[in-house]
Amino acid sequence: NDVVWTKPGGEMEEVAKKLGFSEKSKFYDFVDMKHGWTCRGDIKDEKIARDVDLAFNYADDFIKSL
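The model shown is predicted, which means the values in this text are computed figures rather than measured ones.

Calculation notes
Going along each chain's sequence as written, the residues are numbered from 1 onward. Given that this is a predicted model, residues contribute local features only at a pLDDT of at least 70 and side-chain atom pairs are listed and counted only at 80 or more, while totals for whole chains, interfaces and linings are drawn from all residues. Working from all heavy atoms in the structure, the side-chain values ignore hydrogens and water. A run of H or I in DSSP counts as a helix once it spans at least four residues, and a run of E counts as a strand once it spans at least two, with each numbered from the N terminus. When a residue's accessible area, from a 1.4 Å probe over protein chains only, is under 20% of the maximum for its type it is buried; when over 50% it is exposed; and in between it is partly exposed. Residue contacts are defined here by distance: any two heavy atoms, one from each residue, within 4.5 Å place the two residues in contact. Throughout, the Shrake-Rupley method with a 1.4 Å probe supplies accessible areas, and for residues the shown protein chains are the sole cover considered. In this tally Asp and Glu are treated as negative and Lys and Arg as positive; neither His nor the chain ends contributes. Salt bridges are identified by distance alone: a Lys or Arg side-chain nitrogen within 4 Å of an Asp or Glu carboxyl oxygen. Cavity and pocket criteria rest on a 1 Å grid covering protein atoms alone: a 1.4 Å probe that fits but cannot get out defines a cavity, protein on both sides within 12 Å along at least 5 of 7 lines defines an open pocket, and an atom within 4 Å of a point defines a lining residue. Grid points are joined across faces, edges and corners, and a volume is the space filled by probe spheres set on the points. In the scheme used here, Gly and all other residues not listed as nonpolar or charged are polar, with Ala, Val, Leu, Ile, Met, Phe, Trp, Tyr, Cys and Pro taken as nonpolar and Asp, Glu, Lys and Arg as charged. Pairing of aromatic rings covers Phe, Tyr and Trp, the last through its six-membered ring, and needs centres within 6.5 Å; plane angles under 30 degrees mean stacked, over 60 mean edge-to-face, and all others mean tilted.

Trainee: Account for the overall build of the protein chain, naming residues and giving values.
Mentor: Along the protein chain, the regular secondary structure elements total three helices and zero strands. Reading the protein chain from its N terminus to its C terminus gives the helix and strand order α-α-α. Taking the principal axes of its C-alpha atoms as reference, the protein chain extends roughly 40 × 25 × 15 Å. Across the 66 residues in the protein chain, those meeting the buried criterion constitute 17%. Intrachain contacts of the protein chain at a sequence separation of at least 6 include 31% that bridge at least 24 residues. Summed over all atoms, the accessible surface of the protein chain reaches about 5400 Å², with 55% contributed by carbon and sulfur.

Trainee: Summarise the side chain of Glu 13; cite the residues concerned and give the values.
Mentor: Note that Glu 13 resides in helix H1 (residues 11-18). For the buried Glu 13, no salt bridge exists, and the shortest N-O distance to an oppositely charged side chain is 4.7 Å, to Lys 17.

Trainee: Provide a residue-level description of the layout of surface pockets, including the pertinent values.
Mentor: In this structure, the largest pocket occupies an estimated 700 Å³ of space. Taken together, 26 residues line the largest pocket, and the ones lying closest to its centre are Asp 2, Thr 6, Tyr 28, Phe 30 and Trp 37. Ranked by residues supplied to the lining of the largest pocket, first place goes to helix H3 (residues 46-65) with seven residues. Looking at the lining of the largest pocket, its residues break down into 12 nonpolar, seven polar and seven charged.

Trainee: Account for the packing of aromatic side chains, with residues named and values stated.
Mentor: Inspection of every chain in the model, using the stated rule, returns four aromatic pairs. Grouping aromatic residues by their ring pairs yields a cluster made of Tyr 28, Phe 30, Trp 37 and Tyr 58.

Trainee: I'd like a rundown of the pattern of salt bridges, residues and numbers included.
Mentor: Enumeration according to the criterion identifies five salt bridges in this entry. Two residues, Lys 64 and Asp 60, come together in a salt bridge whose shortest N-O distance is 3.0 Å. Here Asp 60 and Lys 64 lie together in helix H3, a separation of four residues that amounts to about one turn. Judged by its relative accessible area of 34%, Asp 60 falls in the partly exposed class. Because the salt bridges share partners, they merge into one network encompassing Asp 32, Arg 50 and Asp 51.

The following block contains the structure:
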């Protein structure tokens, strides 16, 4: 339920390309999630646990690539 400009193909991805982060950035739409799920979601829910792991792995990969 996040705004369109933050999703894949949106303005935020275009800015990442202009700043030289396009090779390192991943833009992924977590369609089953609602805003705030990475830090406030109930990881007892299988879908939330799955996507939290994926999101934090993406974030870790990005940070390590810098």
